[in-house]
Amino acid sequence: MKQFKESEFMGQFIDKYRDMRNLWEVKNPLYRNKPARKASLEKLLQFVKTQVSKADILFVEKKIGSLRSTYRKELNKVQASMRSRAAAEDVYVPSLWYYNRMQFLEDQMEARESLSTLPSSLPSTIPSNPAEASEDQPGPSILEEVEEPSWSQEDLSQDKALECGTQEEAG
């Protein structure tokens, strides 16, 4: 597998991957077409087999995933340093040698909008702290003390007697 990591070969692999837009461009009409995607992956596989004879489709998919993941991490570092309003000389400079080659993915790396798992019957705004909670809402506030049950000596001795009785029956 060491052959795959050679920069010249990996650079060519990335270039071929970039040319196969249906593997990475979400708005491409063939992106969701499984036979077209498989055909593209087969072409990439044939290229990879020139260096890694035992490679299969899964190997190619994992390599693509690994490249994308590493690029995404570097991109996030760059964007975070820019968001922090750092001076121009303080903006993170990617150390990934193929970062510039993978920049075609930048607009594909948008964070997906999260979906709420809360039922729609809940209020649209849930208070972030107990002080914001209104008195209309059911249930005790986190700040309210909950009355703990008190146990009398008689209750405890009855429980003890019951425990002893069940142990005798089991024995």
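None of the values given here were measured: they were computed from a predicted structure. (Residues numbered from 1 in each chain as written. Predicted model: local features only at pLDDT ≥ 70, side-chain atom pairs only at ≥ 80, totals over all residues. Heavy atoms only, no water.)

Draft legend 1. Examining the overall build of the protein chain more closely. If you tally the helices and strands in the protein chain, you get four helices and zero strands. For the protein chain, the succession of helices and strands along the chain, N to C, is α-α-α-α. Per-residue burial for the protein chain yields a buried fraction of 25% across its 171 residues. A separation threshold of at least 6 residues defines the contact pool for the protein chain, and within that pool the share at least 24 residues apart is 52%. Carbon together with sulfur atoms contributes 51% to the accessible area of the protein chain, which is approximately 13,600 Å² in total. (Helix = DSSP H or I, 4+ residues; strand = E, 2+ residues; numbered from the N terminus. Buried < 20%, exposed > 50% of the residue type's maximum accessible area, 1.4 Å probe, protein only. Contact = heavy atoms within 4.5 Å. Areas by Shrake-Rupley, 256 points an atom, 1.4 Å probe, with all protein chains shown as cover.)

Draft legend 2. Highlighting the pattern of salt bridges. If you walk through the whole model with that rule in mind, you get four salt bridges. Notably, a salt bridge pairs Arg21 with Glu25, separated by 3.0 Å at the nearest N-O pair. On the accessibility criterion, Glu25 (18% relative accessible area) is buried. Via salt bridges that share partners, Asp15, Arg18 and Arg101 belong to a single interconnected network. (Salt bridge = Lys/Arg side-chain N within 4 Å of Asp/Glu carboxyl O.)

Draft legend 3. Just the packing of aromatic side chains, in detail. Applying the stated rule across the entire model yields five aromatic pairs. Measuring from centroid to centroid gives 4.8 Å for Phe9 and Phe47, while their planes differ by 10 degrees, and the two rings are stacked. Note that Phe9 is positioned in helix α1 (residues 7-19) and Phe47 in helix α2 (residues 34-48), a separation of 38 residues in sequence. In textbook terms, an aromatic cluster arises when at least three aromatic residues are bridged by ring pairs, as seen for Tyr17, Trp24 and Phe104. Residue placement shows Lys16 over the ring face of Phe47; its charged tip is 5.0 Å from the ring centre. (Phe/Tyr/Trp six-rings, centres within 6.5 Å; stacked < 30°, edge-to-face > 60°. Lys NZ or Arg CZ within 6 Å of the ring centre and 35° of its normal.)

Draft legend 4. Representation of the packing of α1 against helix α3 (residues 57-83) within the structure. Packing of α1 against α3 leaves a shortest axis separation of 12 Å and a crossing angle of 95 degrees. Judged by the inter-axis angle, α1 sits roughly perpendicular to α3. Listed contacts from α3 to Met10, Phe13, Ile14 and Tyr17 of α1 are Val60, Ile64, Leu67 and Arg68. For the contact of α1 with α3, the class distribution of residues is seven nonpolar, no polar and one charged. (Axes fitted to C-alpha atoms, helices over the stretch in contact; angles between N-to-C directions. Parallel < 35°, antiparallel > 145°, perpendicular 65-115°, else oblique. Nonpolar A, V, L, I, M, F, W, Y, C, P; charged D, E, K, R; others polar.)

Draft legend 5. Focus on the environment of Lys27. Relative to the helices and strands, Lys27 resides in the loop between α1 and α2. We classify Lys27 as exposed; its relative accessible area is 79%. With 81 residues separating them along the chain, Lys27 and Gln108 place their C-alpha atoms 9.5 Å apart.

Draft legend 6. Representation of α1 in the model. Taking 1.5 Å of rise per residue, the 13 residues of α1 would be expected to cover 18 Å, and the 18 Å separating its terminal C-alpha atoms lies within 8% of that figure. The set of residues buried in α1 consists of Phe9, Met10, Gly11, Phe13, Ile14, Asp15 and Tyr17. In this fold, the buried residues of α1 make contact with α2 and α3. (Expected span 1.5 Å × (residues − 1).)

Draft legend 7. Representation of the environment of Arg68 in the model. Topologically, Arg68 is positioned in helix α3. Spatially, the C-alpha atom of Arg68 lies 8.1 Å from that of Leu105, the residues being 37 residues apart in sequence. Filtering out sequence-adjacent residues up to four positions away, Arg68 remains in contact with Tyr17, Trp24, Met102, Leu105 and Met109. Separated by 3.0 Å, the side chains of Arg68 and Tyr17 make a polar contact. (Polar contact = N/O pair within 3.5 Å; in protein donor to acceptor, adjacent residues only side chain to side chain.)

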